[in-house]
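# Overview (structure and organization)
Okay, here's what each chain looks like letter by letter:
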Amino acid sequence: MDKIIFLVQGSAEEPYKVTFQKNGNNLSAYCTCLAGNNGQYCKHRFRILAGSTEGIVGDNKIAVDEVKSWLSGTDVESALIQVTEKERAFDEAKKALSNAKKKLAKAMLD
């Protein structure tokens, strides 16, 4: 099993501990932030998986690329792809709604 731990500065005074573990095709990620501790969406883990070193205060920023390479072929990768697709669809829906509201407002002024 491979394991990499990052220290990431978040909103708390002390940096959060973000841990990635790879065991075969299984990838696990943990964060000591409130969201991570509650099993919710945690931006610290997702930023690292996206290849970002934002907020990392430890001396192992280069290990982000290694963690990112672990993603391929895991259930985390397929779930992340679904989130990305849904976020894109959500953004498109927000734009369409905004345009519809503008048309409604214009129609009400005729």
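Source: prediction; values computed, not measured. (Residues numbered from 1 in each chain as written. Predicted model: local features only at pLDDT ≥ 70, side-chain atom pairs only at ≥ 80, totals over all residues. Heavy atoms only, no water.)

Take the layout of surface pockets next. Computed from the structure, the largest pocket encloses a volume of approximately 210 Å³. Together, L27, S28, A29, R45, F46, L49, V76, A79, L80 and V83 line the largest pocket. Of all the secondary structure elements, the ones that give two or more residues to the lining of the largest pocket are strand 3 (26–31), helix 2 (43–49) and helix 4 (75–109). A total of four residues in the lining of the largest pocket trace back to one element, the largest contributor, which is helix 4. In terms of residue class, the lining of the largest pocket is built from eight nonpolar, one polar and one charged. (1 Å grid on protein atoms, 1.4 Å probe; cavity = no way out; pocket = protein on both sides within 12 Å on 5 of 7 lines; lining within 4 Å. Points joined across faces, edges and corners; volume = space filled by probe spheres on them. Helix = DSSP H or I, 4+ residues; strand = E, 2+ residues; numbered from the N terminus. Nonpolar A, V, L, I, M, F, W, Y, C, P; charged D, E, K, R; others polar.)

Among the residues of helix 3 (residues 63–70), those classed as buried are A63, V64, V67 and W70. One side of helix 3 holds all its buried residues, which, seen down the axis, span an arc of 115°. (Buried < 20%, exposed > 50% of the residue type's maximum accessible area, 1.4 Å probe, protein only. Arc of directions from axis to C-beta.)

On to the packing of aromatic side chains, then. Applying the stated criterion across every chain, the model contains two aromatic pairs. For the ring pair F6 and F20, a centre distance of 6.1 Å and an interplane angle of 80° mean the geometry is edge-to-face. You can see F6 sitting in strand 1 (residues 2–8) and its partner F20 sitting in strand 2 (residues 16–23), a full 14 residues away along the chain. Judged on exposure class, the residue F6 and its partner F20 are both buried. Between Y41 and F46, the aromatic rings sit 4.4 Å apart at their centres with planes inclined by 10°, giving stacked as the arrangement. Classification of F46 by relative accessible area gives partly exposed; the value is 27%. (Phe/Tyr/Trp six-rings, centres within 6.5 Å; stacked < 30°, edge-to-face > 60°.)

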